[in-house]
Each structure stands twice: as C-alpha cells, then as structure tokens.
Amino acid sequence: MKENKFEEIYEVVKLIPPGRVSSYGAIAEYLGSKRGARLVGWAMNALNNRSDIPAHRVLNKTGVLSGKNAFPHPNMMKEKLEAENLVIIDDKVQDLAEYFWDPNIELL
DNA sequence: AGACTGACTGGGA
DNA sequence: GTCCCAGCCAGTC
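What counts, and at which threshold
Residues numbered from 1 in each chain as written. Chains lettered and ligands numbered in written order. Predicted model: local features only at pLDDT ≥ 70, side-chain atom pairs only at ≥ 80, totals over all residues. Heavy atoms only, no water. Helix = DSSP H or I, 4+ residues; strand = E, 2+ residues; numbered from the N terminus. Buried < 20%, exposed > 50% of the residue type's maximum accessible area, 1.4 Å probe, protein only. Contact = heavy atoms within 4.5 Å.

Non-glycine residue Asn-85 carries a positive phi angle of around 70 degrees. Structurally, Asn-85 is set in the loop between helix H4 (74-82) and strand S3 (88-89). Positioned with a positive phi, Asp-90 is a non-glycine residue whose angle comes to about 55 degrees. Tracing the backbone shows Asp-90 in the loop between S3 and strand S4 (92-93). Taking the relative accessible area as the measure of exposure, Asp-90 reaches 67% and is therefore exposed.

Here it is, written out as structure tokens:
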C-alpha cells in the first residue's frame, strides 16, 4: 500500500498520542519487520526537518533516549517528554510500561 | 559493484 | 547476569 516503509514509519510515529511513547521494535514489527528496528531509527535520523513527527516519543525497548543525540540539543528530547508528563531519569523513561504505546495493540 | 554503518532487538554463550 | 552474534532496510564510502 505504502510507497516505502519510511512513510509507514512516519505515519505510525505521528499516531503516537501525547504523553505516550513507543519503541523502534514495536513500530518495526507493526511494519512487518521484527528485526527492522534499526530502519526505524534510521528513518528518525532521516527526519531532519520534519518537526511534524514526534520522534522524541520513540525510544528503544528499555525506555532509554537512545536518539537524544540526534536532536539539535540532546536535552530537547528529554524536555519534550517531560512536557508531556513523562518522568525521565538518567536519559531513561520511568514507568515505561504505563506510558508505552504499541501500534500492534493500540492500532489493532 | 561490494562492504560498512546506524536513534534496535532477541537469543545464545 | 553480562557479552556477543545475527537479521532487518536504506544510505554512504
């Protein structure tokens, strides 16, 4: 249906509700590639100017802000998440299970 | 054209 | 419990 997986990734990321976070693996799995998590991260890195995509809501499975370094300022990701009532300690989201948003379940 | 890398993950040692 | 290896897709050297 989609022209390429990048578009699918972007759409899924855009669907992440405020105050929620998802993981690369979850999105990759939703796209059909369980091991394609790296591609998702790659897509985020390729965002560049697409501020319409809440890339800060995409974390690795452990809830660590692995991609914070790809933002204009490494603190930006943390601040954006904190602005959505998320608690981040040591670049890691607390109560991840409570905020985790899985497209395979939510978009079922 | 061939090989390496990267915002990842799960399984095996 | 920690470390290492293989698999995924696209872009770059």
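Read on, since the account is not over.
Before going further, it helps to spend a moment on the environment of Ala-37. Assignment of secondary structure puts Ala-37 in helix H3 (residues 37-45). Of the residues examined, Ala-37 reaches a relative accessible area of 23% and is grouped as partly exposed. Sequence-wise, Ala-37 and Ala-26 are 11 residues apart; in three dimensions their C-alpha atoms are separated by 7.9 Å. In this structure, Ala-37 is in contact with Tyr-24, Gly-25 and Ala-28, ignoring residues within four places of it in sequence.

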